[in-house]
Amino acid sequence: MTLNNIDINEIIKTNSPSRTKWFVPGSIVSKRTINPIREVVCNMKTSPNPDKEQISLALGDPTAFGNFKIPESCNEAVIKQLKSYKANGYINAVGCDEARLALVQKFSTKEAPLATKDVFLASGASDALNIAIGALCDEGQNILLPRPGFSLYTTLSKSKGIECRYYDLLPNRNWEIDLKQLISLIDDKTACILINNPSNPCGSNFSSQHLESILAVAEAYKLVIITDEIYEDMVFGDTKFYPLASLTKVVPILKISGLAKRFLVPGWRVGWIFVYDQNEILSEIRKSLFSLSNMILGANSLLQYSLPDIILNTPEEFFQETNKKLEFNAKLSVEALSSIPGLHVIIPQGAMYVMVGINIDELKDIKNDVEFSEKLLQEESVMVLPGECFHYPNYVRIVFTSPPEKLREAYDRIKEFFVRHHV
Ligand SMILES: Cc1ncc(COP(=O)(O)O)c(C=O)c1O
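Just so we're clear, the structure is a prediction, and the values are computed from it rather than from any experiment.

J.: Would you explain the nonpolar core in this entry?
T.: Generally speaking, nonpolar side chains in soluble globular proteins are found buried as a group. If you look at the biggest cluster of nonpolar residues, it comprises 129 residues, and the most contacted ones within it are Ile225, Trp272, Leu337 and Ile414. In terms of residue count, the dominant contributor to this core is helix H6 (residues 124–136) (eight residues). Taken domain by domain, this core gets at least three of its residues from each of domain 1 (30–68 + 317–421) and domain 2 (72–313). Those residues in contact with Ile414, other than ones at most four positions away along the chain, are Leu337, Ile340, Leu343, Leu376, Val382 and Ile398.

The following block contains the structure:
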């Protein structure tokens, strides 16, 4: 074989290959990239009862049943950009100016001011989290994560060789953080604290006093906070959502949010990071966010150009309506599930989730939350996620975005299931 008149076989002979057999292992990074939800669910026996229609209360996707929809005006905003042929090219990897400016216009406040340089667009909140964690934490350092918590935090951190340390959320205190235990986890290698408010999987919403206590800890130990606020403003009744950054002028914050939940379009993959840093502590981190954003040459251009219309022109009533529907479903869920002996329900204040404790001792033939979820699916075709997915055994997480009639049907089946399995 020759190439440019060079005999390749001759060259190979003189540079004898060290590998004599094919051997192609997966990379170390890929092997330590594990999603606990996949781990738990893939090992579960997941065949539903063929005689009953399956109802999934497992998926945190509000579009799954067609009852939660983005307003038509947002679809039109995307169509307008699609037809303009101006939104098809590469853009600034940290986000196009139009999108960054719209986010500043919408979210900058007196207490927590933002400029365009503080806004980094990403491919969903997941990517925003990936960039934020990557910018702040080094391999060998540790990150403080909530337990129970959204499993992607663990996946992203472990993938980067960062040690995950879990601080406890207290079910009997509306899932507030056990701050004493959190402090006990901090050492010289702690890179940052990550909080999630309102919470997946807890459906909790922290009071301003509690957020101030968290900030006091961060200030004392000089720790940056990543605050995942993807469910911001999705709260019920008299509960008020407080953006963490509005409560401090001292602690530097990276806020994560996006379109997925409030605008009901998780598949559009639009997320962002806001940098709140009134004392210019994060100058290096801004450079890191810039470098990491450039790894994939930035997020979707079409959606970013549509963002000004989506963010600035969506009527407030749309969000109120969504929250009302979620609150109705939350109440329905609490009422139905609380009436089942053997379950204890922690009343949700926001997001789209409720965590339900199972008194395992009261069940005669079920040993834990994983087996509970398996048998519930096999017998009643109702799918819930075991707490194990969130590092919190003997609870299950229920997503209450299904239409009310489906929820009622699912809860009736859970009731029947308990009648059979309760001691
Ligand atoms: C707490 C939390 N953060 C981030 C995400 C990821 O959001 P996105 O779909 O925008 O990547 C989710 C998705 O369920 C979530 O529950």
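J.: Got a minute to help me understand the pattern of salt bridges in this structure?
T.: Oppositely charged side chains can pair when the atoms bearing their charge come close. This model, assessed by the stated rule, comprises 20 salt bridges. A salt bridge links Glu229 to Lys255, with the shortest nitrogen-to-oxygen separation between them at 3.0 Å. Of this pair, Glu229 sits in the loop between strand E9 (224–228) and strand E10 (253–258) while Lys255 sits in strand E10, and the two are 26 residues apart along the sequence. The residues Glu229 and Lys255 share a single accessibility class, namely buried. Overlapping salt bridges, with partners in common, bring together Lys52, Glu379, Glu380 and Arg420 in one network.

J.: Is there a simple way to explain helix H11 (residues 301–313) in this structure?
T.: Residue pairs spaced three or four apart in an α-helix point in one direction, given the helix's 3.6 residues per turn. Across its 13 residues, H11 extends 19 Å between first and last C-alpha, which sits within 8% of the 18 Å expected from 1.5 Å per residue. Of all the bends found along H11, the most pronounced is centred on Leu307 and spans about 40°, while Pro308, a proline, follows it within four residues. Considered for burial, the residues of H11 that qualify are Ser301, Leu302, Leu303, Gln304, Ser306, Leu307, Pro308, Ile310 and Ile311. Tucked inside the fold, the buried residues of H11 contact helix H4 (72–84), helix H5 (97–107), strand E4 (119–122) and strand E11 (271–276).

J.: Honestly, the sheet that holds strand E13 (residues 353–358) in this entry has me stumped. Any pointers?
T.: Adjacent strands of a sheet pair through backbone hydrogen bonds, lying either parallel or antiparallel. Taking strand neighbours across the sheet as the criterion, the four strands line up as E12-E13-E16-E15 in an open arrangement whose pairing is antiparallel. Each of the sheet's edge strands pairs with one partner strand only, and the pair in question is strand E12 (343–345) and strand E15 (385–386). As paired elements, E13 and strand E16 (residues 395–399) share five bridges and run antiparallel to each other. Paired with Met355 across the two strands is Arg397, which belongs to E16.

Reading guide: rules and limits
Residues numbered from 1 in each chain as written. Predicted model: local features only at pLDDT ≥ 70, side-chain atom pairs only at ≥ 80, totals over all residues. Heavy atoms only, no water. Core = buried A, V, L, I, M, F, W, Y, C linked by side-chain atoms within 4.5 Å. Buried < 20%, exposed > 50% of the residue type's maximum accessible area, 1.4 Å probe, protein only. Helix = DSSP H or I, 4+ residues; strand = E, 2+ residues; numbered from the N terminus. Domains from an automatic or database assignment. Contact = heavy atoms within 4.5 Å. Salt bridge = Lys/Arg side-chain N within 4 Å of Asp/Glu carboxyl O. Expected span 1.5 Å × (residues − 1). Bend = angle between axes of the 7 residues up to and from the residue. Pairing = 2+ DSSP bridges.

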